[in-house]
Amino acid sequence: MKQSETIYNRNILNVLKFYESIGINLQINLSQNEIKKDLLELTKHNNKKSLENLIVNEEKNLSSFEDSADKIDKLENSFKNFNGCNLKKTATNFINFQGSKNANILFIDGTPDTEEDKVGKSFVSAKGDLFDKMLNAINLKKDNIFIVNAIPWRPPGNRYPTAEEIKICRPFIFNLIKLLRPKLIVCLGEISTYQILDLNQSFIKTRGKWHSLKSNPINDFDEEYNPYVLPTLNISYLLTRPDMKRQAWEDMKLLRDKIREI
């Protein structure tokens, strides 16, 4: 077997083990030889494309979790120990969950910056100061919301994550949403917006508008649960482009009004 095939097969097995650890029932009834044969066939056609398709297909099989703090802790621990994303090898720390497990509002950031990577916590230093000011402006506090990163490991050199890296982390985020069941989800930036909504349009056209989570065809939430999703600008981006804070404020007012509405 070629080295690339070995690495590819190991990546798939890592993903499958992670799904099993967080309660996803894959219902695989194949023998070892059949699995090996299928993996080699996937490699023969297109390694990267096949891995992405496997991940997307298995997202449809996400099993339901009980809505409890213990389950959220278990999910966080399982993802922290997940070895299927190469970013874990180069990052300093996993970015831990933060906030209230009874929150009705979930904020999903993109990837950690250098300072967040050092301490394993979201929104520290200048980024944290700006985020606090934005929350305070609409009478919110970190203690009353839940915060997670779409990808909890910093990419080397703060590069943009690949589509594969975004998709590998997606089941983790969707399971968290199932557990937390927030009424409102705020996606901070393009990465988290793409991960959650997967819309076929630019972020510029997507941000500043409320969307339905059901617009993402790969989710399998029950029919009664359909939270509102608001894409807005990334906080790190606002630090480099203060002229865009006005647009961010307009988005925060949309959030403020929706909170009053629900």
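Higher on the page you've got the structure.
Residues numbered from 1 in each chain as written. Predicted model: local features only at pLDDT ≥ 70, side-chain atom pairs only at ≥ 80, totals over all residues. Heavy atoms only, no water.

Things to note about the overall build of the protein
Move 1: Along the backbone of the protein there are 11 helices and 6 strands.
Move 2: In the protein, buried positions account for 50% of the 262 residues.
Move 3: In the protein, the proportion of contacts linking residues at least 24 apart, taken out of those at least 6 apart, comes to 74%.
Move 4: Of the roughly 13200 Å² that the protein leaves accessible, carbon and sulfur atoms contribute 46%. (Helix = DSSP H or I, 4+ residues; strand = E, 2+ residues; numbered from the N terminus. Buried < 20%, exposed > 50% of the residue type's maximum accessible area, 1.4 Å probe, protein only. Contact = heavy atoms within 4.5 Å. Areas by Shrake-Rupley, 256 points an atom, 1.4 Å probe, with all protein chains shown as cover.)

A look at the packing of aromatic side chains
Move 1: The tally for this structure, following the rule as stated, stands at 10 aromatic pairs.
Move 2: One aromatic cluster is present, built from ring pairs that chain together Phe79, Phe82, Phe94, Phe97, Phe146, Trp153 and Phe172.
Move 3: For Lys258, the ring lying beneath its charged end belongs to Trp210, and the centroid distance is 5.5 Å. (Phe/Tyr/Trp six-rings, centres within 6.5 Å; stacked < 30°, edge-to-face > 60°. Lys NZ or Arg CZ within 6 Å of the ring centre and 35° of its normal.)

Re helix H7 (residues 163-180)
Move 1: A rise of 1.5 Å per residue sets the reference length of H7, with its 18 residues, at 26 Å; its end C-alpha atoms lie 25 Å apart and thus fit the reference within 8%.
Move 2: Helix geometry: H7 is bent most strongly at Arg170, by close to 35°, with proline Pro171 lying one to four residues after it.
Move 3: Of all 18 residues making up H7, 17 are buried, and the element is well covered by its neighbours.
Move 4: Arg181 occupies a position one or two residues after H7 and carries a positive phi of about 50°. (Expected span 1.5 Å × (residues − 1). Bend = angle between axes of the 7 residues up to and from the residue.)

With respect to the sheet that holds strand E5 (residues 211-212)
Move 1: Strand order across the open sheet formed by 6 strands is E1-E3-E2-E4-E6-E5, with mixed pairing between neighbours. Each of the sheet's edge strands pairs with one partner strand only, and the pair in question is strand E1 (98-99) and E5.
Move 2: Across 4 bridges, strand E2 (residues 105-109) lies against strand E4 (residues 184-188) in parallel orientation. Bridge pairing in E4 places Leu106 opposite Ile185.
Move 3: Where H7 meets the sheet, it contacts E2, strand E3 (146-149) and E4, and its direction lies at approximately 170° from that of E3.
Move 4: Contacts from helix H8 (residues 190-197) reach E2, E4, E5 and strand E6 (228-232) within the one sheet, and its direction differs from that of E4 by about 135°. (Pairing = 2+ DSSP bridges. Axes fitted to C-alpha atoms, helices over the stretch in contact; angles between N-to-C directions.)

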